[in-house]
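Given next are the chains, with one letter for each unit.
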Amino acid sequence: MADDARAAQQRPEIPDRVFFRIGEVSEIVGVDPHVLRYWEGKFPLLEPRKTSRGYRQYRRKDVETALAIKEMLHVRRYTIEGARKALHSQGKSASRSAAPSPPPASPDAFREIRTQLQQILDLLA
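Because the structure is a prediction, the values reported are computed rather than measured.

Reading the values: rules and limits
- Residues numbered from 1 in each chain as written.
- Predicted model: local features only at pLDDT ≥ 70, side-chain atom pairs only at ≥ 80, totals over all residues.
- Heavy atoms only, no water.
- Axes fitted to C-alpha atoms, helices over the stretch in contact; angles between N-to-C directions.
- Helix = DSSP H or I, 4+ residues; strand = E, 2+ residues; numbered from the N terminus.
- Parallel < 35°, antiparallel > 145°, perpendicular 65-115°, else oblique.
- Contact = heavy atoms within 4.5 Å.
- Salt bridge = Lys/Arg side-chain N within 4 Å of Asp/Glu carboxyl O.
- Buried < 20%, exposed > 50% of the residue type's maximum accessible area, 1.4 Å probe, protein only.
- Expected span 1.5 Å × (residues − 1).
- Pairing = 2+ DSSP bridges.

Draft legend 1. Expanded view of the packing of helix α2 (residues 22–29) against helix α3 (residues 33–42). Running from N to C, α2 and α3 point in directions that differ by 95°, and their axes come no closer than 9 Å. The orientation of α2 relative to α3 falls into the category roughly perpendicular. In this structure, α2 contributes Ile-22, Val-25, Ser-26 and Val-29 to the contact, and α3 contributes Pro-33, Leu-36, Arg-37 and Trp-39.

Draft legend 2. The pattern of salt bridges, seen in detail. Enumeration according to the criterion identifies eight salt bridges in this entry. For the salt bridge of Asp-108 with Arg-111, the shortest nitrogen-to-oxygen distance reads 2.5 Å. Residue Asp-108 and its partner Arg-111 are both found in helix α6 (residues 107–124); the two are separated by three residues, about one turn of the helix. Judged by its relative accessible area of 53%, Asp-108 falls in the exposed class.

Draft legend 3. Here's a closer look at the side chain of Asp-62. Relative to the helices and strands, Asp-62 is located in helix α4 (residues 60–75). Using a relative accessible area of 0% as the deciding quantity, one classes Asp-62 as buried. Ignoring anything within four residues of it in the chain, the contact list for Asp-62 reads Leu-45, Leu-46, Glu-47, Pro-48 and Gln-57.

Draft legend 4. Structural view of the environment of Glu-64. Residue position: Glu-64 is located in helix α4. Once the C-alpha coordinates of Glu-64 and Ile-14 are considered, the two residues, 50 residues apart in sequence, prove to be 8.4 Å apart.

Draft legend 5. Focus on α6. Between its first and last C-alpha, α6 extends 26 Å over 18 residues, near the 26 Å set by a 1.5 Å rise per residue. Counting buried residues along α6, only zero of its 18 residues qualify, which leaves the element largely exposed.

Draft legend 6. Representation of the sheet that holds strand β1 (residues 19–20). Spatially, three strands are ordered β1-β3-β2 in an open sheet, and the strand pairing comes out antiparallel. Edge positions in the open sheet fall to β1 and β2 (49–50), since each of these has one partner strand only. Summarising the sheet, β1 and strand β3 (residues 56–59) pair through two bridges and their orientation is antiparallel. Following the sheet pairing, Phe-19 is matched in β3 by Arg-59. In the packing of α4 onto the sheet, contacts are made with β1 and β3, and the angle to β3 comes to roughly 80°.

Laid out in structure tokens, this is it:
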């Protein structure tokens, strides 16, 4: 847990912009552009859009993903496959936590629902 906090403190500041060019992302992440292009093929989450001229446009999410990949590969010493699985599981847990969970149902709520359903059945009969 302390390693996560330390890594978060060492992460570079991402400028407040919508799109980034590959050279800018390369400087922010601290790897060469060819490494980013390689990661695009290995990590489905890293998917910059391309302009009509074929230039890569990275979004903020892509930059954050690239930083996470670099941390896993260079700091935590994950393999490519291990980092891919870790990112995939983080994505699943993030999407689960984003979805609101229904409130717990009480016995009174079930009784109310049953009463309403019985009234509907009586109307249909």
